[in-house]
Each structure stands twice: as structure tokens, then as C-alpha cells.
Amino acid sequence: MATGSTPLKRRALAPDILSAINISGITLIALMLGLILMQAAMNQSRSLTRAGVTANIPSGWILRQGVAQEELIYSASDPTSPYLKYSVSLVPAVPGGTVMDSVPPVNLNRGRALNAYKVLAQTPAVARGKDTFKVDFAYVQTNDSTSLPVVVRGVDYYFAEGDQVLLITLEEESGLFNAALPGFLRFVESVRYAPGGVK
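In this report, the structure presented in the accompanying data block is examined.

Each value, and the rule that gives it
- Residues numbered from 1 in each chain as written.
- Predicted model: local features only at pLDDT ≥ 70, side-chain atom pairs only at ≥ 80, totals over all residues.
- Heavy atoms only, no water.
- Pairing = 2+ DSSP bridges.
- Helix = DSSP H or I, 4+ residues; strand = E, 2+ residues; numbered from the N terminus.
- Contact = heavy atoms within 4.5 Å.
- Axes fitted to C-alpha atoms, helices over the stretch in contact; angles between N-to-C directions.
- Buried < 20%, exposed > 50% of the residue type's maximum accessible area, 1.4 Å probe, protein only.
- Arc of directions from axis to C-beta.
- Core = buried A, V, L, I, M, F, W, Y, C linked by side-chain atoms within 4.5 Å.
- Polar contact = N/O pair within 3.5 Å; in protein donor to acceptor, adjacent residues only side chain to side chain.
- Salt bridge = Lys/Arg side-chain N within 4 Å of Asp/Glu carboxyl O.

Digging into the sheet that holds strand 2 (residues 53–58)
And then number 1: One open sheet holds the three strands; their spatial order is 1-2-10, and the pairing between them is antiparallel. If you trace the sheet from one side to the other, it starts and ends with strand 1 (45–50) and strand 10 (192–193), each paired once.
And then number 2: Bridging between strand 1 and strand 2 involves six bridges; their strand directions are antiparallel. Residue pairing in the sheet places S47 in a bridge with N56 of strand 2.
And then number 3: Relative to the sheet, helix 3 (residues 177–190) contacts strand 2 and strand 10, its axis offset from that of strand 2 by approximately 150°.

Digging into helix 2 (residues 103–113)
And then number 1: The set of residues buried in helix 2 consists of V103, V106, N107 and R110. Summarising the axial view, the buried residues of helix 2 lie within an arc of 95°, below the 170-degree limit, and thus occupy one face.
And then number 2: For helix 2, the elements touching its buried residues are strand 5 (85–92), strand 6 (115–127), strand 7 (130–141), strand 8 (150–161) and strand 9 (164–173).

Section: the nonpolar core
And then number 1: Ranked by internal contacts, the top residues of the largest apolar core, which has 27 residues, are V53, L166, I168, L170, F184 and F187.
And then number 2: Here this core gets five residues from one element, more than from any other, and that element is helix 3.
And then number 3: Excluding residues within four positions of it along the chain, V53 makes contact with L48, I73, Y74, V88, L90, L166, V191, R192 and Y193.
And then number 4: The next biggest cluster of nonpolar side chains, apart from the first, holds nine residues, and it includes V106, F133, V165 and L167.

Thoughts on the side chain of S190
And then number 1: Inspection of the secondary structure assignment puts S190 in helix 3.
And then number 2: At 2.7 Å, the side chain of S190 forms a polar contact with the backbone oxygen of F187.
And then number 3: Discounting chain neighbours no more than four positions away, the residues touching S190 are T54, A55 and N56.

Digging into the environment of V106
And then number 1: For V106, the location among the structural elements is in helix 2.
And then number 2: With relative accessibility at 10%, the residue V106 sits in the buried group.
And then number 3: In this structure, the C-alpha to C-alpha distance between V106 and V91, residues 15 residues apart in sequence, is 8.6 Å.
And then number 4: Aside from chain neighbours lying at most four places away, what touches V106 is V91, Y158 and L167.

Side note on the pattern of salt bridges
And then number 1: Taken as a whole and judged by the stated rule, the model has four salt bridges.
And then number 2: Salt-bridge contacts for R110 lead to D156; the nearest nitrogen and oxygen are separated by 2.6 Å. Residue R110 is found in helix 2, and its partner D156 is found in strand 8; the two are separated by 46 residues along the sequence.
And then number 3: The class of R110 is buried, set by a relative accessible area of 14%.
And then number 4: Via salt bridges that share partners, R128, K130 and E161 belong to a single interconnected network.

Quick look at the sheet that holds strand 3 (residues 62–65)
And then number 1: Ordered by their spatial adjacency, seven strands build an open sheet running 3-4-5-9-8-7-6, and the pairing between neighbours is antiparallel. Edge positions in the sheet fall to strand 3 and strand 6, since each has one partner strand and no second. Adjacent strand axes in the sheet meet at a mean angle of 20°, parallel and antiparallel pairs treated alike.
And then number 2: Across 10 bridges, strand 8 lies against strand 9 in antiparallel orientation. Paired with R153 across the two strands is E172, which belongs to strand 9.
And then number 3: Set on the sheet, helix 2 makes contact with strand 5, strand 6, strand 7, strand 8 and strand 9; between it and strand 6 the angle comes to about 155°.
And then number 4: Sitting on the sheet, helix 3 is in contact with strand 5, strand 6, strand 8 and strand 9, with an inclination near 155° to strand 9.

Right, dumping it as C-alpha cells:
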């Protein structure tokens, strides 16, 4: 009797297994379509011009514009990633100096404003088809008392622009920094500066 019931049990289980495979397949397809749509939305950008600085920022990002007395022109942050931010600033060039001479004041101001700010590396580089000076840095972002502090990594690109220095910055949580870098480099390539723009 027991051996005769085994094929019946197998036949009864077959539709259940088939249903589970179908549901898994449909779920996987839906997840893949969702990821494709999300990536397409993230790849869309909008052009923004302010104070002579034009750039393509990702659509849906939160925009903050600097006020007249700030060096910040604008920053854009990803609403889905709390620490991911691109920013563009114009800092005064040191008369008779090089672009590297504008780096120490920025580092000094950050050191005063941020917790455990540390410069990791400073090197000449090329971006936007121009010579630039690149500064890698990190700091600790303290949050409310219910969550642990977060290490934020960043990179600055300094470009000489007459009597101004164009400063383009990426900040992101340390563990996600490398994944954010390619999108930021595309942003850097989109930045253009025409002197004389109004803030």
C-alpha cells in the first residue's frame, strides 16, 4: 500500500513545485525590471546654471543653493542615500599663486567645522580635459544618540578659473564611496564655468 501511494504523492507535489518555480521566476523578473527602471531614473539628469556654473545633476536629487556671502554655488544630494552629495563652490584664487594655494584654507575651514577631518591624499590630476588638483579626505559624521557615527569619505577637484578656483566635491559614506565615484566623475565632466554669472 505504501509503495503504491508514493507515485500519487509525487503527482500531487508536482503542481506545488511548478507553482513555486513560477512564482519565483515572476518575482525575479519583477525585481530585475524594477532595478532597470530605477537605474534609468537615476541616469536621467537636469541641467542647472547658477553664478556662471552649469552642470547636469541627477533628476530627483535635492538641490540646495548657496547664498550670496557663501562660496557654495549649489549642492545636490541623493534622497535615497543620506550622505551622498555633490557640491560646486567658487573660492578666491591666491593672487600670484597656483591652484594648490587655495587648498589649505578649504582644509582649515573643514577642520574647524567637521569632526576628525583628515586629508588622506593630495595629488595633481586631469579632469574635464584640464589640469586639476585632487584632494581625498574623510571625516566623522555624528548622528543623534540612537545611531553610531558614520565615516564619510570625500574628494575635491580644484580647477583654476582666472581669479577664482572652481571646487567640485563628492561626499559619501565610506563603504559606498567607490560605488558613487563613477557617477560623480560624470558629474565633474558636465561642469562648465563662464565668469560673470549672478548668484
